[in-house]
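Structural characterization, general
The residues making up each chain are set out below.
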Amino acid sequence: MNLRGEPTDRRGEPTRRRGERAGRRGKPVPELTVFAAFAGVGGLLLVARAWWTHSPVGYAFGDGWWFVAPTPEAGVINGLLGLGVFLAFVHVLSGRFTMGPDRLTTFIGAWLACTCAGLALGVVQSMLALFASDPAETLSNDLWPLPATLLRLSIALAYGTTIGLIAAIALILLPHTLRTPGAPITTLALTVLLTTLQPPDTAFSEGNVTRAASSAPSDLRAESTNLLARNTNLPSGNANFPTESADLPAGSASLPAGSAGLPAGNGDLSAGSGSGARTGRAEDPLPRLSVAAPAIVDVRGRQVLLRGVNVAQGDAGKEDLRLMAELGFSVVRLGVSWGRLEPNPGVTDQAYLEKVKETVKWAAEAELYTVINLRADGGLYADQEDVQPRLLATWARLATTFAASSSVAGFDLLDEPGTGAQLPAISSLLLGHYYERAITSIRTAEQAAQGFPHLIFFQPARPWTGFDPTPPPGFATDPNLVFAPHPTDQNLVSIERGVTLAHRMALRYRTALWSGTWSAKDRPALYGYTTAEDTTMTGGAYQHWKQPNCDAPASLNPVDCATGEPLPPSRELLTAATRAYPRATPGRLTSLRSAPYRRALRLTATAADGQCTLDVWAPGQTRPSVSATGVTGIAFHQTTGGWRITGCPSGDYTLELT
């Protein structure tokens with residue numbers, strides 16, 4: 001008799017019953033299903049959350065009816081269904097693989113059955129995702145279903161392999177006398193009981209955060225769709241935008257009628273018309289920021305959208321920063337060269353650091369926050385030549401310098417770190433380890449300098465294409481973290497889907513989301529990004545203020561590569577980047593829609609405290625028309641590049657402008 005309890009001949013081969021043909025597959029092995037169920041329940045209770053949604057590729061798994069997986073994050077029904085699908089395949093495949101006459105063959109067959117069952121679960125997940133209504137899964141003109149399927153199959157295969165190892169070992173150790181027909185029923189009952197006792201963690205689920213956003217009125221959604229439809233006449237693959245407006249540095253950028261002119265005027269809100277707006281800007285022009293996931297908030301409790309542009313230290317003077325503010329931007333992401341800041345190990349170039357401080361000061365005077373981004377290369381994953389300790393010491397010096405500066409929004413730990421020489425999964429763990437050490441260095445320095453904790457921005461291992469290793473959720477427990485990928489338009493993943501996937505991953509991290517760098521190669525990509533940025537109610541920094549080279553994407557301040565002379569900025573790019581948006585919103589935003597060419601904006605928010613601290617940017621020379629519910633004391637303040645609209649919202653409120 002073999003391990004399956006079947007009679008065998010003298011050679012150990014199962015004997016056939018009368019009429020049974022040679023080569024017929026055996027019956028399912030319920031004992032293997034039982035052990036796989038026990039292992040699956042144990043995994044569900046202990047590690048399933050980290051295995052699926054909170055893995056380094058957690059953005060491949062959404063919320064909703066289509067997400068079927070043995071994890072509490074899927075909910076009780078879908079969690080049981082996912083485990084049931086896996087066990088059903090184990091049961092069926094056990095009869096095909098667990099046919100060995102000895103323990104080794106039985107072990108290999110059982111392990112293979114569970115591994116294939118995991119793969120089958122991944123196939124089921126990917127097939128269901130094709131019918132999902134989730135914006136991150138909707139079929140479009142990119143190739144996201146391919147990498148998404150590969151990611152799901154990889155995670156499910158690893159799950160099946162791990163569960164199979166445990167179940168196969170248990171199977172070959174099980175004495176024949178302990179086998180019982182009632183074991184599968186007992187196991188199923190235990191599975192239901194234990195799974196029911198583990199409610200899913202939905203505090204930051206995608207549905208809870210984005211459902212309100214999807215309920216915005218259809219008129220503005222249709223308008224955004226029409227904008228895209230009317231502006232898709234660029235040749236395929238064209239990486240350049242038309243340049244129809246005036247030279248940006250001259251301060252005379254011309255926009256379409258009804259959008260943003262740049263008349264001369266005073267940038268102070270008090271210079272505008274209207275009354276009754278109490279902004280408090282005089283005593284605290286740039287309040288310190290923190291994270292109340294999934295939002296970035298200031299000390300007044302307002303949700304803050306940081307929208308601006310990237311610039312390298314030394315490439316922007318005081319006049320450039322003034323022009324950024326006139327265009328309605330609220331932040332500049334400042335690239336600081338590690339090589340120039342620390343030309344020799346342990347030696348800081350004080351002159352370069354003073355220039356960084358001067359740029360931060362100019363930005364604050366223009367009412368721009370600064371995100372300090374340290375740009376460094378090489379050796380971080382393997383920590384060769386003591387690279388990490390040096391980099392951590394540099395971050396400590398920067399954190400000490402700006403410990404008490406509220407105009408510094410935060411620190412961006414590393415610019416597009418790269419995957420390193422290791423496998424992606426190993427790179428994710430090593431990157432998370434570096435980030436954890438950097439966060440500790442920064443917080444220690446801030447505390448020693450009697451400052452306060454700034455935002456800390458972190459990125460995946462390379463530019464965000466939707467197929468990238470990220471630090472595993474839980475790599476750090478700091479409450480002021482901001483996930484800051486760099487979405488770009490790719491054939492693999494469109495920029496709009498990239499932002500949506502990044503938003504999903506930020507929910508896994510329980511952090512805020514901010515696009516540290518974004519760019520668009522054509523008009524559809526440009527409006528895809530702006531639509532996604534509004535839908536997720538987040539901010540970002542455009543890739544270039546000044547064009548660094550001829551191969552770079554269009555900048556807001558382009559130059560002729562042959563002559564070095566300034567060129568007019570792109571009308572489409574400038575209009576989209578400087579569109580209307582709420583700079584600071586009392587309470588929390590529940591939806592946001594804009595249509596740049598009509599200077600249209602609609603926002604809804606909740607839980608306002610009645611304070612007159614609403615701050616909305618609107619481009620254009622003409623005063624916008626505003627309608628609102630739940631907002632009193634609306635005032636208009638004309639600035640050099642547009643309008644700042646203030647008001648006193650209370651409770652749930654809505655504001656529309658045209």
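Values in this document were obtained by computation on a predicted structure and should not be read as measured data. (Residues numbered from 1 in each chain as written. Predicted model: local features only at pLDDT ≥ 70, side-chain atom pairs only at ≥ 80, totals over all residues. Heavy atoms only, no water.)

Notes on the overall build of the chain
Formally: Numbering goes from the N terminus for both helices and strands, where a helix is a DSSP run of H or I of at least four residues and a strand is a run of E of at least two. Contacts between residues were defined by any pair of non-hydrogen atoms, one from each residue, lying within 4.5 Å.
Helix and strand counts for the chain come out as 16 helices and 17 strands. For the chain, restricting intrachain contacts to residue pairs at least 6 apart in sequence, the fraction spanning at least 24 positions comes to 73%.

Some remarks on helix 15 (residues 523-535)
To be explicit about the condition: For a helix, the expected span equals 1.5 Å multiplied by the number of residues minus one. Partly exposed residues are those whose accessible area sits between 20% and 50% of the maximum for their type, while under 20% is buried and over 50% is exposed, using a 1.4 Å probe and protein chains only. Each polar contact in these results corresponds to two N or O atoms within 3.5 Å; when the atoms are within protein, one needs to be able to donate a hydrogen and the other to accept it, and residues that are neighboring in sequence are counted only if both atoms are side-chain atoms.
Taking 1.5 Å as the rise per residue, helix 15 with 13 residues should run 18 Å; its terminal C-alpha atoms sit 18 Å apart, in good agreement. Counting buried residues in helix 15 gives ten out of 13 residues, a clear majority hidden from the surface. When helix 15 is considered as a whole, its buried residues turn out to be R523, A525, L526, Y527, G528, Y529, T530, A532, E533 and D534. The backbone nitrogen of A525 has a side-chain oxygen 3.1 Å away, supplied by the residue at the start of helix 15, namely D522. One or two residues past the end of helix 15 sits M537, with phi positive at roughly 55°.

Notes on the pattern of salt bridges
Operational definition: A side-chain nitrogen of Lys or Arg and a carboxyl oxygen of Asp or Glu constitute a salt bridge if their distance falls within 4 Å.
In the structure shown here, the tally under the stated rule is 27 salt bridges. Residue D534 is joined to R307 by a salt bridge in which the shortest nitrogen-to-oxygen separation is 3.0 Å. With D534 in helix 15 and R307 in strand 4 (residues 307-312), the pair connects residues that are 227 residues apart, well separated along the chain. You'll find D534 and R307 in the same group, each marked buried. One connected set of salt bridges, linked through shared partners, spans D134, E137, R152 and R504.

A closer look at the packing of helix 12 (residues 387-401) against helix 13 (residues 424-448)
We count it as follows: Orientation is described by lines fitted to C-alpha atoms, with helices fitted over the stretch in contact, and by angles between N-to-C directions that extend from 0 to 180 degrees. If you view the pair so one helix is near and one far, a crossing is left-handed when the near helix is turned anticlockwise from the far one by less than a right angle, and right-handed when it is turned clockwise. Residue polarity is assigned by list, with Asp, Glu, Lys and Arg as charged and Ala, Val, Leu, Ile, Met, Phe, Trp, Tyr, Cys and Pro as nonpolar; anything else, Gly included, falls into the polar class.
Interhelical geometry of helix 12 versus helix 13 gives an angle of 35° and a closest axis separation of 8 Å. Pair helix 12 / helix 13 crosses with right-handed handedness. Seen from helix 12, the contacting residues are Q388, P389, L391, L392, W395, A396, A399 and T400; seen from helix 13, they are Y434, R437, A438, S441, I442, A445 and E446. Per-class residue counts for the contact of helix 12 with helix 13 are ten nonpolar, three polar and two charged.

Some thoughts on the confidence of the model for the chain
The test is simple: The score called pLDDT rates the predictor's confidence residue by residue, from a low of 0 to a high of 100.
Mean pLDDT over the chain: 80, with 75% of residues reaching 70 or higher. Scored below 50 in pLDDT, residues 16-24 shows five contacts in the model against residues more than four places distant or in partner chains. Residue range residues 189-284 is modelled with pLDDT below 50. Its contacts to residues more than four positions away, or to other chains, number 213 contacts.

Focus on the nonpolar core
When a protein is soluble and globular, its nonpolar side chains tend to lie buried together. Where we set the bar: Residues grouped as a nonpolar core are buried Ala, Val, Leu, Ile, Met, Phe, Trp, Tyr and Cys residues, joined through side-chain atoms within 4.5 Å.
Judged by nonpolar contacts, the single largest core of 115 residues is most densely connected at F86, M324 and W395. Take this core: its biggest share by element is ten residues, from helix 5 (residues 145-173). If we ignore the near neighbours within four places in the chain, the residues touching W395 are I372, L374, F411, D412, L413, Y434, A438 and I442.

Section: the side chain of H637
For H637, the location among the structural elements is in strand 16 (residues 626-638). Within polar-contact distance, the side chain of H637 engages the side chain of T646 at 3.0 Å.

Focus: the state of the cysteines
Let me state the cut-off plainly: Note that a disulfide, as used here, is simply two cysteine sulfur atoms within 2.5 Å.
Throughout the structure, instances matching the rule amount to one disulfide. Here C114 is not cross-linked by a disulfide; its sulfur's nearest cysteine counterpart is in C116, at 9.5 Å. For C114, a relative accessible area of 0% translates into the label buried.

Re unusual backbone geometry
With an omega dihedral of 10°, the bond running from A293 to P294 counts as a cis peptide bond. Unlike most non-glycine residues, E416 shows phi in positive territory, near 45°. As for its position among the elements, E416 is in the loop between strand 7 (408-412) and helix 13. E416 sits in the partly exposed class, given a relative accessible area of 34%. Within the chain, Q450 stands out as a residue other than glycine whose phi angle is a positive 60°.

Section: the pairing of strand 4
Stated precisely, the cut-off is as follows: Should DSSP find at least two bridges between two strands, the strands are taken to pair. The crossover handedness rule: strands pointing away from the viewer, path from first strand over the helix to second strand clockwise, crossover right-handed.
Strand 4 sits mainly inside the fold: five of its six residues count as buried. The sheet contact formed by strand 4 and strand 11 (residues 539-542) spans three bridges and is parallel. Residue pairing in the sheet places R307 in a bridge with G540 of strand 11. Here strand 4 pairs with strand 5 (residues 331-337) via five bridges, running parallel. The partner of A312 across the bridge, within strand 5, is G335. Following the chain from strand 4 across helix 9 (residues 318-326) to the adjacent parallel strand 5, one finds a crossover that is right-handed.

Observations concerning the environment of S126
Residue placement: S126 occurs in helix 4 (residues 103-129). Considering only alpha carbons, one finds S126 and W66, 60 residues apart in sequence, at a separation of 8.9 Å.

Describing a nonpolar patch on the surface
Rules: Patch membership requires over 30% relative accessible area and the absence of a salt bridge. Like charges are linked within 9 Å, and nonpolar side chains (Val, Leu, Ile, Met, Phe, Trp, Tyr) within 5 Å. Using a 1.4 Å probe, accessible areas were evaluated by the Shrake-Rupley method; residue-level cover was limited to the displayed protein chains.
Taken together, the side chains of W65, L130, F131 and L139 make up a nonpolar region of the molecular surface, amounting to roughly 490 Å² of accessible area. With respect to the helices and strands, W65 occurs in the loop between helix 2 (48-51) and helix 3 (75-97).

Section: the pairing of strand 16
In this sheet, strand 17 (residues 642-657) lies alongside strand 16 in antiparallel orientation, the contact comprising ten bridges. Each bridged residue has a counterpart across the sheet, and for A635 the counterpart in strand 17 is T646. The loop that links strand 16 with its antiparallel partner strand 17 comprises three residues.

What to know about the sheet that holds strand 10 (residues 512-518)
Around the barrel, which closes on itself, the eight strands sit in the order 4-5-6-7-8-9-10-11 with parallel pairing between neighbours. Adjacent strand axes in the sheet meet at a mean angle of 30°, parallel and antiparallel pairs treated alike. The sheet contacts of helix 12 involve strand 6 (369-375) and strand 7, and relative to strand 6 the element is tilted by about 160°. Against the sheet, helix 14 (residues 495-509) makes contact with strand 8 (455-458), strand 9 (481-483) and strand 10, and its axis sits at roughly 140° relative to strand 10, the strand it touches most.

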